[in-house]
Amino acid sequence: MAKILLTTLNSRFAHTSIALRYLYANLKELQDDAKILEFSINDATQTIVEKLLIHTPDIIGIGVYIWNVSQVNELIHIIKKISPSIKIVLGGPEVSHEPFRVNLDDADFIIQGEGDEAFYKLCKNILNGKTSQRVIKMSMPSLKDISLPYRFYTDDDIKNRYIYVEASRGCPFECEFCLSSIDEKVRAFDLEKLLEEFELLWQRGARNFKFIDRTFNLNIKTANVLLNFFLQKKPPYFAHFEVVPDHFPQLLKEKISKFPLGALQLEIGIQTLNPQIAKNISRSLKLDKIKENIRFLEENTNAHLHLDLIVGLPGEDLESFGANLDELISLSNSEIQIGILKKLSGTSINRHDIEHGMIYSNIPPYDVLQTSTLSFMDIQIMKRFSRFWDLFYNSGNFKKSIKLLWHNESVYKNFYAFSLWIYAQTDSTWHISLQRLGELLFKYLCEVKKTDAKLVAKNMLEDIMKIKGRAIPNYLKPYAKNFTSKSKDGTSGFNKRQH
């Protein structure tokens, strides 16, 4: 039995919560009476409650995020109905800034800010019968004083899930849509201690390291030391870093170019390439440097790039967004994630609400619904565009054949037309099989784009049959008589972090 339970609902099973492990690592003498129990948003809420209450806890600490806040509301409701005496403590980004847009009134305590030390103090007060204020606003703890969480990843975590790590907290930039911009001062952990912990993880078998630092390459000395940690190891391994696109000194470029295929993923938040739109959201945009660095990474390294664009930024219309996408495609063959702008409590994006007609949903994930330059219908179309873009482009399943869609023309305009056509055929963006996706692409290229069927079939056969064990689809069989497969055993997917 455990007096204190630490829990959250991750966005998928493969993810782990570094936050819960920080809290556990800093519980001092209470650690023996505490336990971490993680779930995913796909788990049934009443089953989660059952698994929590088996331990007859006095305190349940819950990590609250944009992806789980609605379920956390339900979770608290049921716990309080069954065991009203249990003290529920909430923490995490979704409760650290007001206004709260999901009713969390049934929670006993809310810790706003970094709770590494605050949770321990609150638990001591609760267990000793002392009173505490309901909402506890925390100042930032010294990173030198807090205990690191990495020894509390279990062997099962290391074997089956991604291990989240960090070398720093905070972000020096002031992008108005991002919570990280609130904590402008970047604070670094002791690098020597960090490397000792990473080495212990490695010795235990950890090979998937996902750094959650917002600006990994801001401190080049630290970045080089961490890259060296991996370069000295024997592959296979996977390291994910979020990087600033305009800051790649020569030494850093040389290091990145040494990584083998499949070992390194760089997430680069582009968001927009329109200088005026970037200015609207207080985002630094050094276009020449960004283009130069993306080209270098694309042409001279094995790094898997994950580039981000946002639909719905204040003042940006579809023409501007389309130009951004066309520009990125000309620079890189890598994954381009298309997101919809969200209005997070605590950010300053709301200052544009009147001038740019920004209307948002108050239901998680707080997507923009309409702007002065994008109608509700435009945004709905772009949500489907984003989904189909993931299925056809980012998935890598149609790497060669998808390019026949635009062939020396605008990527955006051609994919926009394609996504409208697909939705007219399917009336859905979900549960579309790979077989059906292939049929749709083949039909569109041949019948709508009037592309030569033999050329389409050749490219699609190479795409679909590159993975061993796949059967040639019926619609391609008439074109497959002389086809020789160059299949592989499979590809190592690049998993996304929790957002």
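I will try to describe carefully the structure that is included in this document.

Basis of the calculations
Sequence positions are assigned chain by chain, starting from 1 and proceeding in written order. Given that this is a predicted model, residues contribute local features only at a pLDDT of at least 70 and side-chain atom pairs are listed and counted only at 80 or more, while totals for whole chains, interfaces and linings are drawn from all residues. Only hydrogens and water are set aside; all other atoms, that is, all heavy atoms of the structure, feed into the side-chain values. Each helix is a run of H or I in the DSSP string that is no shorter than four residues. Each strand is a run of E no shorter than two, and both are numbered from the N terminus. Taken over C-alpha atoms, the radius of gyration is set against a globule rule of 2.2 Å times the number of residues to the power 0.38. Only protein chains enter the area calculation, which uses a 1.4 Å probe; residues under 20% of their type maximum are buried, those over 50% are exposed, and those in between are partly exposed. The rule for a salt bridge is simple: a side-chain nitrogen of Lys or Arg has to be within 4 Å of a carboxyl oxygen of Asp or Glu. Pairing between strands requires that DSSP locate at least two bridges from one strand to the other. Here an angle of 0 to 180 degrees is reported between the N-to-C directions of two axes, which are lines fitted to C-alpha atoms, with helices fitted over the stretch in contact. Two residues qualify as a contact provided that any one of their heavy atoms is within 4.5 Å of a heavy atom in the partner residue. In what follows, roughly perpendicular refers to angles from 65 to 115 degrees, roughly parallel to angles under 35, roughly antiparallel to angles over 145, and oblique to any angle outside these ranges. We call Asp, Glu, Lys and Arg charged. Ala, Val, Leu, Ile, Met, Phe, Trp, Tyr, Cys and Pro are nonpolar, and the rest, Gly among them, are polar. Take the residue count of a helix, subtract one, and multiply by 1.5 Å to get its expected span. The arc in question is traced by the directions running from the helix axis to the C-beta atoms. In the analysis that follows, any N or O atom pair within 3.5 Å is treated as a polar contact, provided that within protein one partner can donate a hydrogen and the other can accept it, and provided that, for residues neighboring in sequence, both atoms belong to side chains. Helix crossings fall into two classes, left-handed where the near helix is turned counterclockwise from the far one by less than a right angle and right-handed where it is turned clockwise. What counts as a ring pair is set by centres within 6.5 Å for rings of Phe, Tyr and Trp (its six-membered ring), and what kind of pair is set by the plane angle: stacked under 30 degrees, edge-to-face over 60, tilted for all other angles. The rule is short: NZ of Lys or CZ of Arg within 6 Å of the ring centre and within 35 degrees of the ring normal puts a charge over the ring. Seen with its strands pointing away from the viewer, a crossover is right-handed if its path from the first strand over the helix to the second goes clockwise.

**A look at the overall build of the chain**
From N to C terminus, the chain includes 16 helices and 16 strands. Computed over C-alpha atoms, the radius of gyration of the chain comes to 24 Å, within 12% of the 23 Å expected from 2.2 N^0.38 for 499 residues, which places it in the range of a compact globule. If one aligns the C-alpha atoms of the chain with their principal axes, the spans along those axes are about 75 × 50 × 45 Å. Here the chain holds 499 residues, and 54% of them are scored as buried.

**Regarding the pattern of salt bridges**
Using the criterion set out here, one finds 24 salt bridges in the structure. With a shortest N-O distance of 3.1 Å, Asp 116 and Arg 169 are connected by a salt bridge. Here Asp 116 is found in the loop between strand E5 (109-112) and helix H5 (118-127), whereas its partner Arg 169 is found in strand E8 (residues 168-169), with 53 residues between them in sequence. Summarising the burial analysis for this pair, Asp 116 and Arg 169 share the class buried. Notably, a salt bridge pairs Glu 292 with Lys 289, separated by 3.8 Å at the nearest N-O pair. Taken together, the positions of Glu 292 and Lys 289, both in helix H11 (residues 287-300) and three residues apart, correspond to about one turn of that helix. Look at Glu 292 and you get partly exposed, because its relative accessible area is 39%. Counted as one network, the salt bridges with shared partners bring together Glu 114, Asp 116, Glu 166, Arg 169 and Arg 187.

**What about the sheet that holds strand E2 (residues 34-40)?**
Within the open sheet, the six strands sit side by side as E2-E1-E3-E4-E5-E6. Their pairing is parallel. One side of each edge strand has no neighbouring strand; the edge strands of this open sheet are E2 and strand E6 (135-137). Taking each pair of neighbouring strands and ignoring which way they run, the sheet shows an average axis angle of 20°. Taken together, the seven bridges between strand E1 (residues 4-10) and E2 define a ladder with parallel strand orientation. Residue pairing in the sheet places Ile 4 in a bridge with Ala 34 of E2. The sheet strands contacting helix H2 (residues 45-53) are E1, E2 and strand E3 (59-63), and the helix crosses E2 at an angle near 170°.

**Some points on the packing of H11 against helix H12 (residues 318-331)**
Running from N to C, H11 and H12 cross one another at 40°; their axes reach a closest spacing of 9 Å. Between H11 and H12, the angle is such that the two are oblique. In this structure, H11 uses Lys 291, Ile 294, Arg 295 and Glu 298 to contact H12, whose residues at the interface are Glu 327, Leu 328 and Leu 331. The residue makeup of the contact of H11 with H12, split by class, is three nonpolar, no polar and four charged.

**Digging into the sheet that holds strand E12 (residues 264-271)**
Taken in spatial order, the six strands line up as E7-E10-E11-E12-E13-E14 in an open sheet, and their pairing is parallel. The open sheet is flanked by strand E7 (163-165) and strand E14 (335-340), the only strands paired with a single partner. Neighbour to neighbour, the strand axes of the sheet diverge by 25° on average, direction disregarded. The sheet contact formed by strand E13 (residues 304-311) and E14 spans six bridges and is parallel. In the strand pairing of E14, His 306 is matched with Glu 335.

**Section: H11**
Helix length check: H11, at 14 residues, gives a terminal C-alpha distance of 20 Å against a target of 20 Å (1.5 Å per residue), a fit within 8%. Along H11, the positions that sit buried rather than exposed are Ile 290, Asn 293, Ile 294, Phe 296 and Leu 297. The arc that holds every buried residue of H11, seen down its axis, measures 160°, which confines them to one face. Seen from the buried face of H11, the exposed residues on the opposite side, beyond 90 degrees, are Asp 288 and Glu 299. Contact partners of the buried residues in H11: helix H9 (250-256), E12, E13 and H12.

**Section: the side chain of Glu 335**
Among the secondary structure elements, Glu 335 is positioned in strand E14. With a relative accessible area of 8%, Glu 335 lands in the buried category. Within the local environment of Glu 335, its side chain forms a polar contact with the side chain of His 304, the two groups lying 3.1 Å apart. There is a polar contact of 3.4 Å between the side chain of Glu 335 and the side chain of His 306.

**A word on the packing of helix H15 (residues 434-448) against helix H16 (residues 453-464)**
At a minimum axis distance of 9 Å, the contact between H15 and H16 shows a crossing angle of 155°. Taken together, the axes of H15 and H16 are roughly antiparallel relative to one another. Relative to H16, H15 is oriented so that their crossing is right-handed. Across the interface between the two elements, Gly 438, Leu 441, Phe 442, Leu 445 and Cys 446 of H15 pack against Ala 453, Val 456, Ala 457 and Met 460 of H16. Each residue belonging to the contact of H15 with H16 can be placed in one class, and the counts come to eight nonpolar, one polar and no charged.

**Looking at the packing of aromatic side chains**
All told, the structure shown has 37 aromatic pairs when counted by the stated rule. Note on Phe 230 and Tyr 237: the rings are 5.8 Å apart at their centroids and 35° apart in plane angle, and the pair reads as tilted. A single burial state applies to Phe 230 and to Tyr 237, both of which are buried. Residues Phe 392 and Phe 398 carry aromatic rings whose centres are separated by 5.4 Å and whose planes lie at 35° to one another, so their mutual orientation is tilted. On the accessibility criterion, Phe 398 (1% relative accessible area) is buried. Positioned above the aromatic ring of Phe 13 is the side chain of Arg 161, whose terminal nitrogen or guanidinium carbon lies 5.0 Å from the ring centre.

**As for the pairing of strand E11 (residues 238-243)**
For a regular strand, the rule is simple: side chains alternate between the two faces of the sheet. For E11, the buried fraction is high: six of the six residues fall into the buried class. Burial of E11 is two-sided: the residues Phe 238, His 240 and Glu 242 facing one way and the residues Ala 239, Phe 241 and Val 243 facing the other way are all buried. For the crossover from strand E10 (residues 208-211) across helix H8 (residues 220-231) to E11, the handedness is right-handed. Note: E11 against E12, five bridges, orientation parallel.

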